[in-house]
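Working through the structure, step by step
Listed below are the residues making up each chain.
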Amino acid sequence: MSAQVLRLDGREVATYVWQPEAPASSSPRPFLHPVRTLAGRTVTDAVPDSHPHQFGIGVAYPDIDGVNFWGGRTFVAGHGPAWLDNHGSQRHERWERRGGGELAHSLRWLGPDERVLLRERRVIGCEPVSGSVWALSVRSRLANVTDRPLEVRSPAAKGRVGAGYGGFFWRGPAVSGATVLSPAGPGAEPVHGCSAEWVAVAGADWTMVFVPGDADTARDRWFVRARDYLGVCSSVAWDEPLVLQPGEELARHVVTLVADGVLNAESAAELVAERGATDHGLPAADRPVLGGTPGLHSRPVT
């Protein structure tokens, strides 16, 4: 296993595992874990007993052209989750930058037959925000390098209601009584399946605030889970496939504000506004409002 440590003011805030050792059934891929607050509190989990294919913070898709880049079982329409011999992997290709609070590298996304389906440029950055908050930026640009269209599908796009995950994903640590907040209100249910300017999850002494970093990401919906485990995903294909034509790119950017202490909805919104992470260049007309709730876009899954 090969890893690179990210530091702010001499403190280790994240470790990026860029050449992981994992079974094929986990869809091996680079990931960030542990991720820590400035006070040293760990805010990620990896290889948990219940979902050993989940790894900290990373980029994963459950179905691209029938290949499982998420790990674990694959949802099969009319059948349900099933173990298939269809797991892909993400392989580090070369570094562009390492150091100075930023990592940039290229990756190959391979199917189970070792054929390259996609190439990715990933940029990870960290910067201080305040004495108790820092920002983690994850940018991913995937390109279809085949000669055919590739369908990106979530389980929800294949009929599994509410399971719209696929894209940037955070697996949180095991905690009891975690709080989920968003412009939609308290709890995971109001924001699950909606696009929103931010989603926050707070443990006993830390808070993670997830923010779309650009206009395309701002239009995506959030997958939010707080029952059984903590997980937040910015979904690119919630209820219908996203088709990548040959040579076409899929670019997304998520900023995570990592805070010591427990933020309430007001303080989380203020933090996002102060940092300016919600300024995606979207005109007001392109920021629809659901149910009179500012900052909440799209519609919930019913």
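Bear in mind the structure is a predicted one, so any value in this text is a computation, not a measurement. (Residues numbered from 1 in each chain as written. Predicted model: local features only at pLDDT ≥ 70, side-chain atom pairs only at ≥ 80, totals over all residues. Heavy atoms only, no water.)

So, on to the overall build of the protein. Of the regular secondary structure elements, the protein holds two helices and 22 strands. The C-alpha radius of gyration of the protein comes to 18 Å, within 12% of the 19 Å expected for a compact globule of 302 residues. Counting only C-alpha atoms and orienting by the principal axes, one finds that the protein spans roughly 50 × 45 × 40 Å. Expressed as a percentage of its 302 residues, the buried residues of the protein come to 56%. A fraction of 61% describes how many contacts in the protein between residues 6 or more apart in sequence connect residues 24 or more apart. Total accessible area on the protein stands at roughly 12700 Å², and carbon and sulfur atoms take up 47% of it. Of the charged side chains in the protein, 30 are positive and 34 negative, and the gap between their average positions amounts to 3 Å. (Helix = DSSP H or I, 4+ residues; strand = E, 2+ residues; numbered from the N terminus. Rg over C-alpha atoms; globule rule 2.2 N^0.38 Å. Buried < 20%, exposed > 50% of the residue type's maximum accessible area, 1.4 Å probe, protein only. Contact = heavy atoms within 4.5 Å. Areas by Shrake-Rupley, 256 points an atom, 1.4 Å probe, with all protein chains shown as cover. Lys, Arg positive; Asp, Glu negative; His and termini not counted. Charge placed at Lys NZ, Arg CZ, Asp CG, Glu CD.)

Another point: unusual backbone geometry. Of note, the bond from His33 into Pro34 is cis; its omega dihedral lies within 30 degrees of zero at 0 degrees. Counting through the fold element by element, Pro34 comes out in strand β3 (residues 31-35). At Glu114, a residue that is not glycine, the phi angle is positive and equals roughly 75 degrees. Within the element layout of this structure, Glu114 appears in the loop between β9 (102-110) and β10 (116-128). The exposure class assigned to Glu114 is partly exposed, which follows from its relative accessible area of 44%.

In total, this model carries 20 salt bridges according to the counting rule given. A salt bridge links Asp260 to Arg41; the shortest N-O distance between them is 2.5 Å. Residue Asp260 is found in strand β21 (residues 249-260), and its partner Arg41 is found in the loop between β3 and β4 (57-64); the two are separated by 219 residues along the sequence. The residue Glu96 makes a salt bridge to Arg121 at a minimum N-O spacing of 2.8 Å. A residue pair is termed long-range when its members are at least 10 positions apart, and Glu96 in strand β8 (residues 89-99) and Arg121 in strand β10 qualify at 25 residues. Residue Glu96 is classed as partly exposed on the basis of its relative accessible area of 32%. Assessed through its relative accessible area of 36%, Arg121 is described here as partly exposed. One network of salt bridges, in which partners are shared, links Asp63, Glu151, Arg153 and Lys158. (Salt bridge = Lys/Arg side-chain N within 4 Å of Asp/Glu carboxyl O.)

This part covers the environment of Glu21. Relative to the assigned elements, Glu21 resides in the loop between β2 (11-19) and β3. With 20 residues separating them in the primary sequence, Glu21 and Met1 have C-alpha atoms 5.6 Å apart.

Once that is clear, we can look at the pairing of β8. Looking along a regular strand, one sees the side chains alternate between the two faces of the sheet. Here β8 pairs with β9 via nine bridges, running antiparallel. Paired with Arg91 across the bridge in β9 is Arg108. Counted between consecutive antiparallel strands, the loop separating β8 from β9 contains two residues, among which Gly100 sits at a positive phi close to 65 degrees. (Pairing = 2+ DSSP bridges.)

This part covers the sheet that holds strand β11 (residues 133-144). Pairing between the strands of a sheet comes from backbone hydrogen bonds, and it takes one of two forms, parallel or antiparallel. Taken in spatial order, the eight strands make up an open sheet running β8-β9-β10-β11-β21-β17-β16-β14, and their pairing is antiparallel. Looking at strand neighbours, the two that pair on one side only are β8 and β14 (179-181), the edges of this open sheet. Going across the sheet, the axis of each strand differs from the next one's by a mean of 20 degrees, ignoring polarity. The strands touched by helix α2 (residues 265-275) are β10, β11, β14, β16 (199-202), β17 (206-212) and β21; relative to β21, the strand with the most contacts, the crossing angle is about 125 degrees. (Axes fitted to C-alpha atoms, helices over the stretch in contact; angles between N-to-C directions.)

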